[in-house]
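# Observations on chain architecture
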Amino acid sequence: MLIGRVIGTLVATRKDDSLVGSKLMITQPLDIDYKPVGDPFIAVDTVGAGIGETIIYAEGTASRNAAGKPDAAIDAAIIGIVDNLDVYKDVLEKQ
Amino acid sequence: MLIGRVIGTLVATRKDDSLVGSKLMITQPLDIDYKPVGDPFIAVDTVGAGIGETIIYAEGTASRNAAGKPDAAIDAAIIGIVDNLDVYKDVLEKQ
Amino acid sequence: MLIGRVIGTLVATRKDDSLVGSKLMITQPLDIDYKPVGDPFIAVDTVGAGIGETIIYAEGTASRNAAGKPDAAIDAAIIGIVDNLDVYKDVLEKQ
Amino acid sequence: MLIGRVIGTLVATRKDDSLVGSKLMITQPLDIDYKPVGDPFIAVDTVGAGIGETIIYAEGTASRNAAGKPDAAIDAAIIGIVDNLDVYKDVLEKQ
Amino acid sequence: MLIGRVIGTLVATRKDDSLVGSKLMITQPLDIDYKPVGDPFIAVDTVGAGIGETIIYAEGTASRNAAGKPDAAIDAAIIGIVDNLDVYKDVLEKQ
């Protein structure tokens, strides 16, 4: 899983039936310093995430599992809202 | 899922049976400013997308789900036509 | 799916049983101008592709579907021979 | 599979039900010289890994298999603790 | 599938049960000129590959298929030993 921020929404009237009723959120991947890394993508929201919220997302089968739609045309989903990251970067100096 | 633009079509007489009847669209991935990012690829159209349309696409199992062909030799499919992107980039400044 | 060119063959006597009888083709990914992009890889041929042919390939489950071997140790397969690419790059200038 | 180091934990009260009870560990991918490579990500711990431990992780279906939750919203999991890497780099000079 | 060279082994006492009995080989991806490309990773050996051998490897479901463990925490496996690569690079000049 990875962390990201919801930065927008996508509207599509003509879309796969399995996406009907799903909120399509434009999501910017973040690194653990909350800095943007990589390109934004579209994820289905499954936890009621709002614009500006820092979230966790999953890809592939995990995303369809989160959406409860194993047969859907979904390959990325927001699966949690980040409360807190506790990071101990000093352990990276260790051999 | 990601957004892209249909920039062409691919014709292949000799191909896997599961692709017969599917429109093979050359698709250029776009970023959220509609600028090309990464390399074009081939996606099966499942929503009647035309040349020049801005679309949403999915990869892997999600693409076969969209095509309604779980056993097909498909790993990318166009699953929606973008009406609108509402992007709030200022939320990226937030810690 | 993506396009590529068959640039060679790989011979392996000791290999997974599921690969026995499959032609292992060295495949160079191409962009839509037929220029090499990325690194060559090994794909199972499922359409009788020859050296130098421009092909379509799929990865993951789609490749096992094309080979008709859902339980095989295959993660890439040649699934079609490209007759023609019709590309309309001017549509990329459109907002 | 790849190796990494556990560098932190993520707390999320609002998350997919399938993640309840799972420890979400911030994991930094490492190369075989134990140097950071690529971006940290979130993995479910399945072997009791602690902060600073060098681990093995798997992605996709393998991660759900390790967590024993095939239908979960999980796409990366810690599946082992590295005792030792025996590396013979000289074999790379061989043609 | 891709080619690589076995450059070492990884020892892990604490690991997912599905890995018990599997040899964990440190594998360096190679290009078709046998030059290292990308980062080493850990693959389960399924064909008795030794240190220094040039191998073929598969990822994802294909790797679990090769290991004969569809429910394992495996996402990469060595599936063959390369005898020979016949490469015809001149076909890349062709339009």
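The structure reproduced in this document is the subject of the present report. (Residues numbered from 1 in each chain as written. Chains lettered and ligands numbered in written order. Predicted model: local features only at pLDDT ≥ 70, side-chain atom pairs only at ≥ 80, totals over all residues. Heavy atoms only, no water.)

## A look at the relation of the copies chain D and chain E
Note on the chain copies: they are related by a rotation about an axis and a translation along it. Our working rule: The copies were overlaid by least squares, fitting only the C-alpha atoms of residues that reach a pLDDT of 70 or more in each copy.
The two copies are related by a screw motion: chain D maps onto chain E through a turn of 72° and a shift of 0.0 Å along the axis, at an RMSD of 0.0 Å. The transformation just described matches what one would write down for a five-fold rotation axis.

## Regarding the interface of chain D and chain E
How big an interface is tends to be reported as the loss of accessible area on association of its parts. We count it as follows: Note on contacts: a residue pair qualifies if any of its non-hydrogen atoms lie within 4.5 Å across the two residues. By convention, the term buried area covers the 1.4 Å-probe accessible surface removed from two parts as they join, with the contributions of both added. In what follows, salt bridge is the name for a side-chain nitrogen of Lys or Arg lying within 4 Å of a carboxyl oxygen of Asp or Glu. Pairing of N or O atoms within 3.5 Å defines a polar contact, subject to two protein rules: one partner must be a possible hydrogen donor and the other a possible acceptor, and residues neighboring in sequence count only if both atoms are side-chain atoms. By definition, any uninterrupted DSSP run of H or I lasting at least four residues is a helix, any uninterrupted run of E lasting at least two residues is a strand, and each is numbered from the N terminus. Charged residues are taken to be Asp, Glu, Lys and Arg, nonpolar residues to be Ala, Val, Leu, Ile, Met, Phe, Trp, Tyr, Cys and Pro, and polar residues to be all remaining types, Gly included.
The interface of chain D with chain E comprises 31 residues on the first partner and 38 residues on the second. Each partner contributes to the roughly 2,600 Å² buried at the junction of chain D and chain E, and carbon and sulfur atoms together form 57% of this total. Seen at the junction of chain D and chain E, the total is 1 salt bridge. Of the charged contacts, one joins Glu-53 of chain D and Arg-14 of chain E as a salt bridge, the two residues approaching to 3.7 Å between their closest N and O atoms. Taken together, chain D and chain E are joined by 16 residue pairs in polar contact (both at pLDDT 80 or more). Of all the elements in the fold, those that place two or more residues in the side of chain D that touches chain E are β1 (2–11), β4 (54–59), α1 (61–67), β5 (76–81) and β6 (84–87) of chain D. Here the side of chain D that touches chain E is composed, by residue class, of 20 nonpolar, 6 polar and 5 charged.

## Some words on the interface of chain D and chain A
The condition is simple: Two strands pair under a simple rule: DSSP has to find at least two bridges between them.
Contact with chain D, which involves 38 residues of that partner, is made by 31 residues of chain A. Between chain D and chain A, a total of about 2,600 Å² is buried, with carbon and sulfur atoms accounting for 57% of that surface. On the chain D side of the interface with chain A, the three residues burying the most area are Ile-7, Arg-14 and Asp-75 of chain D, jointly 23% of the side's total. At the junction of chain D with chain A, the criterion picks out 16 residue pairs in polar contact (both at pLDDT 80 or more). Secondary structure elements with two or more residues in the side of chain D that touches chain A: β1, β2 (24–29) and β3 (41–45) of chain D. By residue number, the principal contributor to the side of chain D that touches chain A is β1 of chain D, which donates 7 residues. For the side of chain D that touches chain A, a count of residues per class yields 22 nonpolar, 5 polar and 11 charged. Bridge count between strand β6 (residues 84–87) of chain A and β1 of chain D: 4 bridges; the pairing is antiparallel. Bridged to Asn-84 of chain A within β1 of chain D is Val-11 of chain D.

## Section: the relation of the copies chain D and chain A
Between chain D and chain A, the superposition needs a rotation of 72° and an axial shift of 0.0 Å, giving an RMSD of 0.0 Å. Of all interface residues in chain D, a mere 3% are interface residues in chain A too; the two copies therefore contact each other through different surfaces.

## Regarding the packing of aromatic side chains
All names here are of chain D. The condition is simple: Aromatic pairing here means that ring centres of Phe, Tyr or Trp (its six-membered ring) are within 6.5 Å. Orientation follows from the plane angle: under 30 degrees is stacked, over 60 is edge-to-face, and everything else is tilted. Exposure is judged per residue with a 1.4 Å probe applied to protein chains only, and the accessible area is read against the type maximum: over 50% gives exposed, under 20% gives buried, and values in between give partly exposed.
Throughout the structure, instances matching the rule amount to 5 aromatic pairs over all chains. Pairing Phe-41 with Tyr-57 gives two aromatic rings, centres 4.6 Å apart and planes at 50°, and the pair type is tilted. Taken together, the residues span a long stretch of sequence, with Phe-41 in strand β3 and Tyr-57 in strand β4 at a distance of 16 residues. Look at Phe-41 and you get buried, because its relative accessible area is 7%.

Coordinates in, geometry out; function isn't part of it.
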